[in-house]
Amino acid sequence: MAEQVFYEDIEVGSEIPSLVKRATRRQLVQWAGASGDTYEIHYDKDFALASGLSDVILHGRLKASFLGQMLTTWIGLEGNLKKYNVRYRGMDFPDQDLTCKGKVTKKYVENNEHLVELDIWTENPQGEKTITGSAVVSLPAKG
Amino acid sequence: MTEKEVTLEDLRKQIGIEGPAITVEIEKGMIGRFVHAVDDPNPLWRDEEYAKKTKYGGIIAPPYLICAAMFLTPPTDPKAPAGYMGSPVPNMQFPQNVKGVLDGGGEWEMFKPLKVGDVITSRTKLANIYERRGKMGKMYFYVAETNIVNQRNEQVAKATGTLILYA
């Protein structure tokens, strides 16, 4: 694991380490099984084509989990992911890079917790944002 | 057969309806399958020896496990027709002539870590139904709120999801 990040290290306006995910079709089936979302649009290409899509698409909640992975990796063992939200703005397809990103928008202390707010999003290979959202995490303080 | 037109008023009568309680035990195997599917190598979800030395004292589920559909709807009947999606409340009434359904987004709030052995129970209610006009015609937004408690009846998480139906 990477070194622990501290509240004092964070600057408003800075980006956190991005995470590139490239979901395979196998992974969509694995996610369907693990999460319980067995909607065919995510693994049955015939079904996806009949639904007017060009291919199967990633589960929105899998993409939300990728953002969760980015956030929990960044905050480390001593951080807590308290809250996050997403809006699905575009579809994503397997075997393409999906880049998860985050940017610090605010930091403050509340009830003795050192909190950081971020904008979070995913980008497709064309650079379009397919998810936008925000997150609140707590981080340890050095003091 | 001509159906009586379903109005927004009719649909909104469902607001407040609660679905059945869904109880799930947080097991190591379940966490393992979940983080394997996400492809998240964090040892806190995977490696007992590593996790033992942390403040958690053992493997925990990643907080984003709350995204999983299993907390929203019971497992789908394998014999259900293709395209069937579980609904968070029973016999949920949809608008007429639905052309498509999309997950609009979600919000997840985590209050306590999910530990191996926790037995968590989720309940979902329809919190709001509203209509918008978009490029693709009429859109109906179904907002579902899920409250999740553990075996000690402590709130561990809260989730809000928005389903968009195109008609």
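Located above this text is the structure these notes cover.
Residues numbered from 1 in each chain as written. Chains lettered and ligands numbered in written order. Predicted model: local features only at pLDDT ≥ 70, side-chain atom pairs only at ≥ 80, totals over all residues. Heavy atoms only, no water.

Undergrad: What's the story with the interface of chain A and chain B in this structure? I'm lost.
TA: Accessible area lost upon the coming together of the parts is a frequently used measure of interface size. Counting residues at the interface gives 34 residues for chain A and 38 residues for chain B. With both sides pooled, the region where chain A packs onto chain B buries about 3,100 Å², and carbon together with sulfur makes up 57% of that total. Looking at the side of chain A facing chain B, the largest losses of area belong to A:Arg61, A:Leu77 and A:Tyr84, adding up to 22% of the total buried there. At the junction of chain A and chain B, the tally comes to 2 salt bridges. Where A:Arg61 meets B:Asp103, a salt bridge forms, and the shortest distance between an N and an O atom there is 3.5 Å. Inspection of the region where chain A meets chain B yields 14 residue pairs in polar contact (both at pLDDT 80 or more). Elements supplying a minimum of two residues to the side of chain A that touches chain B: helix 1 (25–35), helix 3 (60–75) and strand 2 (80–88) of chain A. A breakdown of the residues in the side of chain A that touches chain B according to their chemical character gives 14 nonpolar, 12 polar and 8 charged. (Contact = heavy atoms within 4.5 Å. Buried area = accessible area lost by both parts, 1.4 Å probe. Salt bridge = Lys/Arg side-chain N within 4 Å of Asp/Glu carboxyl O. Polar contact = N/O pair within 3.5 Å; in protein donor to acceptor, adjacent residues only side chain to side chain. Helix = DSSP H or I, 4+ residues; strand = E, 2+ residues; numbered from the N terminus. Nonpolar A, V, L, I, M, F, W, Y, C, P; charged D, E, K, R; others polar.)

Undergrad: I keep staring at the packing of aromatic side chains and nothing clicks. Help me out?
TA: Aromatic ring pairs are defined here through the distance separating the ring centres and the angle between the ring planes. Taken as a whole and assessed by the stated rule, the structure comprises 7 aromatic pairs over all chains. Between the aromatic rings of A:Tyr84 and B:Trp108, the centroid separation amounts to 5.2 Å while the plane-to-plane angle is 45 degrees, which identifies the pairing as tilted. Pair noted here: A:Tyr84 is in strand 2 and B:Trp108 is in strand 2 (residues 100–110), and the two residues belong to different chains. Across this residue pair, the class does not change: A:Tyr84 and B:Trp108 are buried. Plain terms: the ring middles of B:Trp45 and B:Tyr64 are 6.5 Å apart, the flat faces sit at 85 degrees to each other, and that makes the pair edge-to-face. Placement of the pair is B:Trp45 in the loop between helix 2 (28–38) and helix 3 (48–52) and B:Tyr64 in the loop between helix 3 and strand 2, with a sequence separation of 19 residues. The buried category is assigned to B:Trp45, whose relative accessible area is 4%. Every member of this aromatic cluster is reached through a ring pair, and the members are A:Trp31, B:Phe34, B:Trp45 and B:Tyr64. In this structure, A:Lys107 packs its charged tip against the face of A:Tyr7, placed 4.3 Å from the ring centre. Above the face of the B:Phe141 ring, B:Arg132 is positioned so that its terminal group lies 5.9 Å from the ring centre. (Phe/Tyr/Trp six-rings, centres within 6.5 Å; stacked < 30°, edge-to-face > 60°. Buried < 20%, exposed > 50% of the residue type's maximum accessible area, 1.4 Å probe, protein only. Lys NZ or Arg CZ within 6 Å of the ring centre and 35° of its normal.)

Undergrad: It is not clear to me how empty space enclosed by the protein should be interpreted in this structure. Could you clarify?
TA: A complete count under the given rule lists 1 cavity of 30 Å³ or more for this structure. Estimates place the volume of the largest cavity at around 70 Å³. In this structure, the largest cavity is lined by A:Arg61, B:Ile66, B:Ala68, B:Phe71, B:Leu72, B:Trp108, B:Ala144, B:Thr146, B:Ile148, B:Ala159, B:Thr160 and B:Gly161. Those elements that provide at least two residues to the lining of the largest cavity are strand 4 (137–149) and strand 5 (155–166) of chain B. Partitioning the lining of the largest cavity into residue classes produces 8 nonpolar, 3 polar and 1 charged. (1 Å grid on protein atoms, 1.4 Å probe; cavity = no way out; pocket = protein on both sides within 12 Å on 5 of 7 lines; lining within 4 Å. Points joined across faces, edges and corners; volume = space filled by probe spheres on them.)

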